[in-house]
Amino acid sequence: MLTFIFNKLGSLHPSMRRAYLACCLAFGGALWDQPAHANVRSFVYTQESRVLGPGQSELEPWTTFRVGRSRYYSAIDGRLELEHGLGHGLQLALYWNFATETQDVVQDRLTGELSRATSSEFASASAELKYQLSDPTADLVGSALYFESTLGPSESELEAKLIFDRALGKWLLAANVVAELELEPVRSAEGSELETAFVLAPTLAAAYLFPHGSVGLEVRAPLGVAGEAESATLFGGPVVRWSDSGLWLALGVQPQLAAFSGKSANSRLDLSTHERLEVRLLAGFTL
């Protein structure tokens with residue numbers, strides 16, 4: 001896994017790689033010994049209802065690796081998130097999103113000859129508001145509302161989530177109902193148009209909690225409802241978390257388990273719009 005990570009980081013444009021690693025490592029090293037008020041996450045795709053307290057801040061670097069499509073494909077997505085507690089139960093977050101992709105593309109339409117191409121970009125910036133409605137440790141069920149807006153030159157997105165979680169002894173249960181509206185400007189011979197896609201992506205997760213970590217399972221089902229996203233898939237796999245004073249790490253491995261629609265030729269999976277495997281690493285540093 002470490003070899004894969006370093007290889008993918010090496011494929012980034014040098015300036016992007018330096019910026020991303022500098023932000024993650026410099027902030028992380030400077031904040032290692034700060035007091036702990038972390039908004040620790042036990043899952044990497046499923047949000048929990050907890051938010052930071054008023055005046056508290058946290059830096060969260062995200063790294064997502066995606067590999068495996070019908071032709072050769074690998075990608076690394078980086079997000080740098082800064083969270084801040086605005087008031088009781090209300091949290092604001094800002095993200096900077098980076099992306100790099102390496103894939104085989106058709107070089108000659110007549111012969112079908114392929115060539116391997118790599119692209120890197122500062123993809124977009126995002127803003128998030130999260131409002132906690134109830135507390136999973138004090139109420140029957142924890143709940144929160146989540147809204148995120150992403151703006152980028154090649155793709156923009158609006159996202160809303162209903163978040164539910166419940167602490168039962170040493171067990172943590174969580175579920176999200178996620179709705180995404182994707183907007184992508186496309187140019188053609190007839191002119192420019194805006195392609196849209198509406199996706200529902202419910203998630204379920206459960207984790208067994210230890211004093212400094214947790215082990216669990218996370219499942220998600222991206223369902224293309226309208227527009228360009230027409231597939232319905234199921235991802236699921238293990239997730240582990242470790243935390244200490246001022247620092248936490250969470251790692252999730254999510255293979256594609258099945259495709260209910262949009263299956264690729266000679267496969268039970270959708271390898272056109274989704275990958276065979278996603279691996280996501282999250283970290284949190286208190287400010």
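Residues numbered from 1 in each chain as written. Predicted model: local features only at pLDDT ≥ 70, side-chain atom pairs only at ≥ 80, totals over all residues. Heavy atoms only, no water.

Caption draft 1: Local environment of the side chain of S231. Looking at the element boundaries, S231 is found in the loop between β11 (223-227) and β12 (232-244). Classification of S231 by relative accessible area gives buried; the value is 9%. Of note is the side chain of S231, whose polar atom sits 3.4 Å from the side chain of T273. Leaving out residues up to four positions away in the same chain, S231 has contacts with P222, L223, G224, S261, G262, D270, T273 and H274. (Helix = DSSP H or I, 4+ residues; strand = E, 2+ residues; numbered from the N terminus. Buried < 20%, exposed > 50% of the residue type's maximum accessible area, 1.4 Å probe, protein only. Polar contact = N/O pair within 3.5 Å; in protein donor to acceptor, adjacent residues only side chain to side chain. Contact = heavy atoms within 4.5 Å.)

Caption draft 2: Structural view of the environment of G78. Secondary-structure assignment places G78 in strand β2 (residues 73-87). You can call G78 buried: its relative accessible area is 6%. C-alpha of G78 to C-alpha of F98: the two residues are 20 residues apart in sequence and 4.9 Å apart in space.

Caption draft 3: Expanded view of the confidence of the model for the protein chain. In the predicted model, the protein chain carries a mean pLDDT of 86, and 84% of its residues have values of at least 70. Across residues 1-6, where pLDDT falls below 50, the model places four contacts with residues more than four positions away in sequence or in other chains. Scored below 50 in pLDDT, residues 24-37 makes 23 contacts in the model with residues more than four places away or belonging to other chains. (pLDDT = per-residue confidence, 0-100.)

Caption draft 4: A look at the packing of aromatic side chains. According to the stated counting rule, one finds four aromatic pairs in the structure shown. With a centroid separation of 5.5 Å and 70° between ring planes, the pair formed by F98 and F122 is classed as edge-to-face. In this pair, F98 sits in strand β3 (residues 90-108) while F122 sits in strand β4 (residues 113-134), placing the two residues 24 residues apart along the sequence. Since its relative accessible area comes to 15%, F98 is described here as buried. The interplanar angle of 70° and the centroid separation of 5.3 Å between the aromatic rings of W171 and Y208 together place this pair among those described as edge-to-face. Of this pair, W171 sits in strand β7 (residues 171-188) while Y208 sits in strand β9 (residues 203-210); the two residues are 37 residues apart in sequence, bridging distant segments of the chain. Assessed through its relative accessible area of 43%, W171 is described here as partly exposed. Residue classification places Y208 among the partly exposed positions, given a relative accessible area of 28%. Each member of the aromatic cluster is reached from another via a ring pair, and the members are W171, Y208 and F210. Just above the ring of W62 sits the side chain of R79; from NZ or CZ to the centre is 5.2 Å. (Phe/Tyr/Trp six-rings, centres within 6.5 Å; stacked < 30°, edge-to-face > 60°. Lys NZ or Arg CZ within 6 Å of the ring centre and 35° of its normal.)

Caption draft 5: Fine view of the environment of R241. Tracing the chain through its elements places R241 in strand β12. For R241, a relative accessible area of 11% puts it in the buried group. R241 sits 31 residues away from F210 along the chain, and the two C-alpha atoms are 9.5 Å apart. Each residue touching R241, except ones within four places of it in the same chain, is listed here: V40, R41, S42, L209, H212, G213, S214, L249 and A250. Among the polar contacts listed, one links the side chain of R241 to the side chain of S42, at a separation of 3.4 Å. Within the structure, the side chain of R241 is placed 2.9 Å from the side chain of S243, a separation counted as a polar contact.

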